Amino acid sequence: MLFYSFFKSLVGKDVVVELKNDLSICGTLHSVDQFLNIKLTDISVTDPEKYPHMLSVKNCFIRGSVVRYVQLPADECDTQLLQDAARKEAAQNKQ
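Values in this document were obtained by computation on a predicted structure and should not be read as measured data.

Visitor: Hey, could you run me through the side chain of Asn-37 in this one?
Guide: Checked against the element boundaries, Asn-37 lands in the loop between β2 (24-32) and β3 (38-45). Reaching out from Asn-37, the side chain makes a polar contact with the backbone nitrogen of Gly-64 at a distance of 2.7 Å. Residues within four places of Asn-37 in sequence aside, it is in contact with Ser-31, Val-32, Phe-61, Ile-62, Arg-63 and Gly-64.

Visitor: Would you explain the UniProt feature "domain: Sm" (unreviewed entry) in the protein chain in this entry?
Guide: Per the UniProt record, "domain: Sm" (unreviewed entry) is annotated on residues 2-76. For the annotated span residues 2-76, helix accounts for 9% and strand for 43% of the residues, and the straight-line distance between the end C-alpha atoms is 16 Å.

Visitor: Is there a simple way to explain the pairing of strand β1 (residues 14-19) in this structure?
Guide: In summary, the side chains of a regular strand alternate between the two faces of the sheet. Burial analysis of β1 places five of its six residues in the buried class, the great majority of the element. Pairing of β1 with β2, which is carried by five bridges, proceeds in the antiparallel orientation. When the bridges of β2 are listed, Val-16 appears paired with Cys-26. Across four bridges, β1 lies against strand β5 (residues 67-71) in antiparallel orientation. Paired with Glu-18 across the bridge in β5 is Tyr-69.

Visitor: Could you clarify how one ought to interpret the side chain of Glu-18 in this entry?
Guide: Residue position: Glu-18 is located in strand β1. If near-sequence neighbours (up to four positions away) are discounted, Glu-18 is found in contact with Leu-23, Ser-24, Val-67, Arg-68, Tyr-69 and Gln-71.

Visitor: Can you help me understand the sheet that holds strand β4 (residues 59-62) in this one?
Guide: In a beta sheet, neighbouring strands pair by backbone hydrogen bonds and run either parallel or antiparallel. As summarised here, the arrangement of the five strands in space is β4-β3-β2-β1-β5, forming an open sheet in which the pairing is antiparallel. Of all the strands in the sheet, the pair left with one neighbour each is β4 and β5. The average undirected angle you get between the axes of adjacent strands in this sheet is 40 degrees. By the bridge criterion, four bridges tie β3 to β4 in an arrangement that is antiparallel. Each bridged residue has a counterpart across the sheet, and for Ile-38 the counterpart in β4 is Ile-62.

Visitor: What's the story with the pattern of salt bridges in this structure? I'm lost.
Guide: Between side chains of opposite charge, a pair can form as their charged atoms come close. Inspection of the entire model under this criterion finds three salt bridges. Between Glu-18 and Arg-68 there is a salt bridge, with its nearest N and O atoms 2.9 Å apart. Of this pair, Glu-18 sits in strand β1 while Arg-68 sits in strand β5, and the two are 50 residues apart along the sequence. According to the relative accessible area criterion, Glu-18 is buried, its value standing at 17%. Note on Arg-68: relative accessible area 34%, which makes it partly exposed. Here Asp-84 ties to Arg-87 by a salt bridge, and the two come within 3.2 Å at their closest N and O atoms. With Asp-84 and Arg-87 both in helix α2 (residues 79-94), this residue pair falls three residues apart, about one helical turn. Classification of Arg-87 as exposed rests on a relative accessible area of 51%. Within this structure, Glu-18, Asp-22 and Arg-68 form a network of salt bridges that share partners.

About the cut-offs
Residues numbered from 1 in each chain as written. Predicted model: local features only at pLDDT ≥ 70, side-chain atom pairs only at ≥ 80, totals over all residues. Heavy atoms only, no water. Helix = DSSP H or I, 4+ residues; strand = E, 2+ residues; numbered from the N terminus. Polar contact = N/O pair within 3.5 Å; in protein donor to acceptor, adjacent residues only side chain to side chain. Contact = heavy atoms within 4.5 Å. UniProt positions renumbered as here; feature names shortened; annotations may be inferred. Buried < 20%, exposed > 50% of the residue type's maximum accessible area, 1.4 Å probe, protein only. Pairing = 2+ DSSP bridges. Axes fitted to C-alpha atoms, helices over the stretch in contact; angles between N-to-C directions. Salt bridge = Lys/Arg side-chain N within 4 Å of Asp/Glu carboxyl O.

Rendered as structure tokens:
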């Protein structure tokens, strides 16, 4: 639930999602669900020569199990808050 809550706070921000098939998609985070499925709007592909069929796509839904990385805007990521929340969740799971 920690990452779900974190990604919910980033709705409306620009992110880059790298998939396991090496496709990287830039777009605005529209929504995320508890399975970390991601919906992006206003997308563009970082390598349009390699994926020309993606040029006409404007919105996409990405299944959470195919995501390798999500690159976040540096100014939106409070690492100290995220580390504290991770420690609290780990302590709760031990009990």
